[in-house]
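In case you want the letters, here they are:
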Amino acid sequence: MAIREKVFDVVVGTFKRHGAETIDTPVFELKDTLTGKYGEDSKLIYDLKDQGGELLALRYDLTVPFARYLAMNKIKNIKRYHIAKVYRRDQPQMTKGRYREFFQCDFDIAGTYDAMIPDVECVRIVYEILSKLDVGNFAVKVNHRQILDGMFRVCGVPSDKFRSICSSVDKLDKLPWEEVKQEMVNEKGLDDAAADRIGEYVKLSGGMDLIETLKQDSQMMADKDCVSGISDMETLLEYCDLYGVQDKVVFDLSLARGLDYYTGVIYEAVLKGVQIDGEEVSVGSVAGGGRYDGLVGMFDSKNKVPCVGVSIGIERLFSILEQKNAKSSTKIRSRDTEVYVVSAHKGLVQERMKLVTMLWDSNIKTEHSYKKNPKILVQLQECESAGIPLAVVIGGNEIERGVVKLRDVELREEVEVSRDNLLAEIRKRLNSS
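Everything in this summary refers to the structure shown in the same document. (Residues numbered from 1 in each chain as written. Predicted model: local features only at pLDDT ≥ 70, side-chain atom pairs only at ≥ 80, totals over all residues. Heavy atoms only, no water.)

**A look at the pattern of salt bridges**
Note the following rule: Each salt bridge in this description consists of a side-chain nitrogen of Lys or Arg and a carboxyl oxygen of Asp or Glu lying within 4 Å of one another. Numbering goes from the N terminus for both helices and strands, where a helix is a DSSP run of H or I of at least four residues and a strand is a run of E of at least two. Exposure categories follow from relative accessible area, calculated using a 1.4 Å probe and restricted to protein chains: below 20% of the type maximum is buried, above 50% is exposed, and the middle band is partly exposed.
In total, this model carries 31 salt bridges according to the counting rule given. Between Lys 181 and Asp 192 there is a salt bridge; the shortest N-O distance is 3.5 Å. Of this pair, Lys 181 sits in helix α7 (residues 177-187) while Asp 192 sits in helix α8 (residues 192-201); the two residues are 11 residues apart in sequence, bridging distant segments of the chain. Of the residues examined, Lys 181 reaches a relative accessible area of 14% and is grouped as buried. Overall, the relative accessible area of 39% leaves Asp 192 in the partly exposed class.

This is the structure we're talking about:
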């Protein structure tokens, strides 16, 4: 749990640094609220039925409930974060951080603003979180739904197959192209030639060089969706440079994001070659999101609020960091205790209680033994095993002289300190550590 607290602190601190406020939404929604928003992943929604027979469902993500919240409360603009559990009828893979019940950490900006300014801030947030957690080398893939739709048109995909073909392309991070092509052709009825043309495009990735390549493609530039999407991507990449994240951002035409509600920029963060004890660990994407300008309008046609956001796959980050910690000689402390009060011999439980009360009143994280007459060696071993930095040792002689022994637990060094100077000395040592 110590690792989880550290990760949550980094995530929440980042969200707050960017000015977000937090909200909460119910763990279940009306089934109609959730259906039709997730494409082929809708089959992973947990259905419920209340005692009156009303059809409900556990939330699949935090985005659709957020859009419903905006619509119901007539909110036109907000920058919010939400950390809560979501539920999916998936096949759990614990080593990869994939569960049926898991936390999501979402950051969203709702409101009408100039193109790509909110969008690039979401990319910057992913960059800050993954850099701070030191999970290893990563890349943030970016693409645009309008470019995908234009690409499908250029390749000869019927418009009624756009979303299903998009779901197939979304599997390219898990499956080789040949398997994805077979799904398109054999299961979804796409023309073989159209699939081959898609295959040529989804191999392309880069930065501004890819923008220039697409601008030279006469068929793509003849499609208005493509032109609009390419313009957005050019602006986004320029802003990424200004925000200092350009070295981690890759414009990748294979990125699709299978959820139906995305309308503009989409992005996904992936870890590259995570090594733990010499072995490469695969965990898939660790963050994803995009622009969804039409979702709020599905719940209130008079309150169409443009939105963009990102979700941090925190369970996968937990999985990586916990595996790294298990292999490391440096263990993360599970308790925040700063001082342990130790009695040197019997009959000092009341003196210990007086001392811990003084330290608690001074807002110092303090513990002592719950036994009246604990052995001094057992108390000191508890300090070392828990990683508590300081121990205050009291005995009959020290009490008579108005002093205590302040012990550096790691160095096993003690100094006498007067009771009057104890708080100042403890704070001095804690601040310097």
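**Overview of the state of the cysteines**
Our working definition: Note on terminology: pairs of cysteine sulfur atoms within 2.5 Å are recorded as disulfides.
Enumeration according to the criterion identifies 0 disulfides in this entry. Here Cys 105 stays unpaired: no disulfide links it, and the sulfur of Cys 122, its closest cysteine neighbor, is 14 Å away. The thiol of Cys 155 is not disulfide-bonded; the next cysteine sulfur, from Cys 226, is found 9.2 Å away.

**Comments concerning α8**
Our working definition: This arc is built from the directions going out from the helix axis to the C-beta atoms. For this analysis, a polar contact is any N or O atom pair within 3.5 Å, provided that within protein one partner can donate a hydrogen and the other can accept it, and provided that sequence-adjacent residues contribute only side-chain to side-chain pairs.
Looking at α8, one finds that the buried residues are Ala 194, Ala 195, Ile 198, Gly 199 and Tyr 201. Down the axis of α8, the buried side of the element spans an arc of 160°, and every buried residue falls inside it. The backbone nitrogen of Ala 193 lies 3.0 Å from a side-chain oxygen of the residue at the head of α8, namely Asp 191.

**Side note on a nonpolar patch on the surface**
Threshold: Only residues whose relative accessible area exceeds 30% and that take part in no salt bridge are eligible for patches, with like-charged residues grouped when within 9 Å of each other and nonpolar side chains (Val, Leu, Ile, Met, Phe, Trp, Tyr) grouped when within 5 Å. Values of accessible area rely on a 1.4 Å probe in the Shrake-Rupley scheme; residue burial ignores everything except the protein chains shown.
Together, Val 27, Phe 28 and Leu 48 give the surface a local cluster of nonpolar side chains, amounting to about 220 Å² of exposed area. By the element assignment, Phe 28 lies in strand β2 (residues 28-30).

**Describing α7**
An α-helix turns once every 3.6 residues. As a result, residues three or four positions apart point the same way. The condition is simple: Contacts are assigned to residue pairs that have any heavy atoms within 4.5 Å of one another.
All buried positions along α7 are accounted for by Trp 177, Val 180, Lys 181, Glu 183 and Met 184. The buried residues of α7 occupy one face: seen down the axis, they fall within an arc of 155°. Facing away from the buried side of α7 by more than 90 degrees, the exposed set consists of Asn 186 and Glu 187. On its buried side, α7 packs onto α6 (162-169) and α8.

**Let's talk about the environment of Arg 124**
The residue Arg 124 is located in helix α4 (residues 117-133) in this model. The exposure class assigned to Arg 124 is partly exposed, which follows from its relative accessible area of 24%. Separated by 308 residues in the primary sequence, Arg 124 and Ser 432 have C-alpha atoms spaced 32 Å apart. Among residues more than four places away in sequence, those in contact with Arg 124 are His 18, Tyr 243 and Val 245.

**Overview of the sheet that holds strand β4 (residues 55-58)**
Stated formally: A pair of strands is treated as paired once DSSP finds two or more bridges between them. Lines fitted to C-alpha atoms define the axes, with helix axes restricted to the stretch in contact, and inter-axis angles between N-to-C directions lie between 0 and 180 degrees.
One open sheet holds the 3 strands; their spatial order is β2-β4-β3, and the pairing between them is antiparallel. Edge positions in the sheet fall to β2 and β3 (47-49), since each of these pairs with one other strand and no more. Recorded for the sheet is a direction-independent mean angle of 40° between the axes of neighbouring strands. In this structure, β2 lies alongside β4, joined through 3 bridges in antiparallel fashion. Bridge assignment links Phe 28 to a residue of β4, and that residue is Leu 58.

Read these as spatial facts, not as claims about activity.
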